[in-house]
Amino acid sequence: MDESSKTPARRREFKKRKPNMKTLSCKDLGISECNFSAKAQTSEEAMKMATDHATHAHKDKIEEMGKAMNPEQMKAMMTSKIKDEA
Ligand SMILES: [Zn+2]
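Residues numbered from 1 in each chain as written. Predicted model: local features only at pLDDT ≥ 70, side-chain atom pairs only at ≥ 80, totals over all residues.

Novice: Tell me about the overall build of the protein, and please be specific about residues and values.
Specialist: A tally of helices and strands in the protein yields five helices and three strands. The N-to-C order of helical and strand elements in the protein reads α-α-β-β-α-α-α-β. By residue count, 10% of the 86 residues in the protein fall in the buried class. (Helix = DSSP H or I, 4+ residues; strand = E, 2+ residues; numbered from the N terminus. Buried ≥ 20, exposed ≤ 12 C-beta atoms within 10 Å, placed from the backbone.)

Novice: Go over the sheet that holds strand S2 (residues 37-40) with me, naming the residues and quoting the values.
Specialist: Reading across from one edge, S2-S1-S3 is the order of the three strands in this open sheet, with antiparallel pairing throughout. The sheet terminates laterally at S2 and strand S3 (83-85), the two strands that pair on one side only. If you compare each strand with its neighbour and ignore which way they point, the axes differ by 35° on average. Along the sheet face, helix H3 (residues 43-57) touches strand S1 (21-25) and S2 and points at about 150° away from the line of S2. (Pairing = 2+ DSSP bridges. Axes fitted to C-alpha atoms, helices over the stretch in contact; angles between N-to-C directions. Contact = placed C-beta atoms within 7 Å.)

Novice: Give me the lowdown on the pairing of S1, citing residues and values where you can.
Specialist: Because side chains alternate across S1, one face comprises the buried residues Lys-22 and Leu-24, and the other comprises Met-21, Thr-23 and Ser-25, none of which is buried. As judged from the four bridges shared by S1 and S2, these two strands associate in the antiparallel manner. Its bridge partner lying in S2, Ser-25 is registered against Ser-37.

Novice: Could you give an account of the nonpolar core, naming the residues involved and the relevant values?
Specialist: Residues Leu-24, Cys-26, Leu-29, Ala-38, Ala-46, Ala-50, Ala-54 and Met-78 constitute the largest nonpolar core, which totals eight residues. With three residues, the top contributor of residues to this core is H3. In this structure Ala-54 touches Lys-61 and Ile-62, once residues within four positions along its chain are discounted. (Core = buried A, V, L, I, M, F, W, Y, C linked by C-beta atoms within 7 Å.)

Novice: Tell me what's going on with H3, and back it up with residues and numbers.
Specialist: With 15 residues, H3 extends 21 Å between its outermost C-alpha atoms, agreeing within 8% with the 21 Å of an ideal straight helix rising 1.5 Å per residue. Of the positions making up H3, those classed as buried are Ala-46, Ala-50 and Ala-54. Within H3, the buried residues cover an arc of 60° as seen down the axis, which keeps them to one side. Turned more than 90 degrees away from the buried face of H3, the exposed residues are Glu-44, Asp-52, Thr-55 and His-56. (Expected span 1.5 Å × (residues − 1). Arc of directions from axis to C-beta.)

Novice: Before we move on, can you summarise the environment of Lys-39 with the specific residues and values?
Specialist: By secondary structure assignment, the location of Lys-39 is in strand S2. When the C-alpha positions of Lys-39 and Ser-25 are compared, they lie 8.4 Å apart, and in sequence the two are 14 residues distant. With residues near it in sequence (within four places) discarded, Lys-39 still touches Met-21, Thr-23, Ala-46 and Glu-85.

Novice: Tell me about the environment of Lys-83, and name the residues and values.
Specialist: Secondary-structure assignment places Lys-83 in strand S3. Under the C-beta neighbour-count criterion, Lys-83 is labelled partly exposed, with 14 such atoms within 10 Å. Through-space distance from the C-alpha of Lys-83 to that of Asp-28 is 9.2 Å; in sequence the pair is 55 residues apart.

Here you go:
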């Protein structure tokens, strides 16, 4: 009978963990020779970091990708590669 006397709402504790980090690595983008991995709290930030890195470090690759797809498609592709770090 003790069970039913507890307030149900209080039994489900809100999980207060640190927010998952979003990661986007060059390997995920098909650049296997690079160990760079962008890590941020939001997808947008991870995207920005990866883009900044790639435009400097992988100019050729980015140009090549730019020919195959438009910026929208590239963004969508990169977004799909973002992972949640456990
Ligand atoms: Zn890289």
